[in-house]
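Structure at a glance
So you can see what is in the structure, the chains are spelled out below.
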Amino acid sequence: MSMWTAIALIAVAGIIAGIFRDKGKRQHSAEIKKELESMHHKLDALDAELRERVETLERIVTNPKEDLKRQFEHLEKVS
């Protein structure tokens, strides 16, 4: 094998290795992007659920009937 053949084989091997490395990076990047999108959707769902729960709690706390009920319960406990 001549020196030029060895140089050509090394160059081709380097190019092929670079192609596989880039493909692996893109594939890994796509997996990370998919995972981040999944986490984003879960976070949005959790945010919506928590907002709904807080709104329900605010409605209960600010409801005058609930306040009156709490006062009666407190009086029953004290008596």
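Reference entry: report on the structure contained in this document. Not measured: the values here are computed from a predicted model.

**Brief notes about the overall build of the chain**
Helix and strand counts for the chain stand at two helices and zero strands. Its C-alpha radius of gyration of 33 Å places the chain more than 25% over the 12 Å reference for a compact globule of 79 residues. Along the first, second and third principal axes, the C-alpha atoms of the chain reach 105 × 20 × 10 Å. Across the 79 residues in the chain, those meeting the buried criterion constitute 1%. Treating the 14 positive side-chain charges of the chain as one cloud and the 14 negative ones as another, the clouds have centres 8 Å apart.

**With respect to the pattern of salt bridges**
For side chains of opposite charge, pairing can occur when their charged atoms come near one another. Within this structure, the stated rule accounts for one salt bridge. Put simply, Arg51 and Asp47 hold a salt bridge, and the shortest N to O gap is 3.2 Å. Here Asp47 and Arg51 lie together in helix α1 (residues 3-62), a separation of four residues that amounts to about one turn. Judged by its relative accessible area of 53%, Arg51 is exposed. You can call Asp47 partly exposed: its relative accessible area is 35%.

**Observations regarding a nonpolar patch on the surface**
Together, Met3, Trp4 and Ile7 make up a nonpolar patch on the protein surface, roughly 380 Å² of accessible area in all. With respect to the helices and strands, Trp4 occurs in helix α1.

Cut-offs applied
Residues numbered from 1 in each chain as written. Predicted model: local features only at pLDDT ≥ 70, side-chain atom pairs only at ≥ 80, totals over all residues. Heavy atoms only, no water. Helix = DSSP H or I, 4+ residues; strand = E, 2+ residues; numbered from the N terminus. Rg over C-alpha atoms; globule rule 2.2 N^0.38 Å. Buried < 20%, exposed > 50% of the residue type's maximum accessible area, 1.4 Å probe, protein only. Lys, Arg positive; Asp, Glu negative; His and termini not counted. Charge placed at Lys NZ, Arg CZ, Asp CG, Glu CD. Salt bridge = Lys/Arg side-chain N within 4 Å of Asp/Glu carboxyl O. Patch = residues over 30% accessible without salt bridge, like charges linked within 9 Å, V, L, I, M, F, W, Y side chains within 5 Å. Areas by Shrake-Rupley, 256 points an atom, 1.4 Å probe, with all protein chains shown as cover.

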